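Observations on the three-dimensional arrangement
Listed here are the chains, written in short residue letters.
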Amino acid sequence: MASFNLKVNGKSHQVDVEDDTPLLWVLRDHLGLVGTKFSCGIAQCGACTVHLNGNPTFSCVTPISSVGNSEVTTIEGLSENGDHPVQKAWEEVDVAQCGYCQGGQIMQAAAFLKQNPNPSMEEIDNAMNRNICRCGTYHKIREAVAEAAKNM
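Just so it is clear, the structure is predicted and the values come from calculations on it, not from any experiment.

Cut-offs used in this document
- Residues numbered from 1 in each chain as written.
- Predicted model: local features only at pLDDT ≥ 70, side-chain atom pairs only at ≥ 80, totals over all residues.
- Heavy atoms only, no water.
- Axes fitted to C-alpha atoms, helices over the stretch in contact; angles between N-to-C directions.
- Helix = DSSP H or I, 4+ residues; strand = E, 2+ residues; numbered from the N terminus.
- Parallel < 35°, antiparallel > 145°, perpendicular 65-115°, else oblique.
- Left-handed = near helix turned anticlockwise from the far one by under 90°.
- Contact = heavy atoms within 4.5 Å.
- Nonpolar A, V, L, I, M, F, W, Y, C, P; charged D, E, K, R; others polar.
- 1 Å grid on protein atoms, 1.4 Å probe; cavity = no way out; pocket = protein on both sides within 12 Å on 5 of 7 lines; lining within 4 Å.
- Points joined across faces, edges and corners; volume = space filled by probe spheres on them.
- Domains from an automatic or database assignment.

What follows deals with the packing of helix α2 (residues 85-93) against helix α5 (residues 138-149). Running from N to C, α2 and α5 cross one another at 130 degrees; their axes reach a closest spacing of 8 Å. The pairing of α2 with α5 is recorded here as oblique in orientation. Considering only the axes of α2 and α5, their crossing is right-handed. Between α2 and α5, the contacting residues are P85, V86, A89, W90, E92 and V93 on the first element and K140, I141, E143, A144, V145, E147 and A148 on the second. Broken down by class, the residue content of the contact of α2 with α5 amounts to nine nonpolar, no polar and four charged.

Of the volumes computed, that of the largest pocket is approximately 170 Å³. Looking at the largest pocket, the residues that line it are H51, N53, G54, E71, T73, G77, L78, H84, A110, A111, K114 and M152. Counting residues per element, the ones that place at least two in the lining of the largest pocket are β5 (71-73) and α3 (102-115). Considering each element in turn, the lining of the largest pocket owes the most residues, three residues, to α3. Each residue belonging to the lining of the largest pocket can be placed in one class, and the counts come to four nonpolar, six polar and two charged. The residue makeup of the lining of the largest pocket includes at least three contributed by each of domain 1 (2-77) and domain 2 (85-150).

Below, the structure is given as structure tokens:
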């Protein structure tokens, strides 16, 4: 085991884990941040998306040893009161069906809109295509990202 110092959602944490432990399991099992979900485990669905220094990252395949001094932001740290423009748009549009993918979808959308605050629908589709929704609410996801862009 090795000791790692992490900065997650603006707070410092120390964890003792194997260096190949995926960031996802450190967040969920060691820090109790369960908003980031496990689904595929092979970086194909996006349910585990978090931000590393503001960039969307699949935490299921990110070894803790590669995080270093990066700032990790999870869905719990995106906003204090669930009032990030993407979260508010998600509620306004009523995107969620089962809700399982929503944390990863929201994190992907937030990172995308930070880089491109005035996207076209095609750009939204391209940015969000890495995240799978088993319920097929892609039309609502697209609408919510466009709505959030108006308030970024």
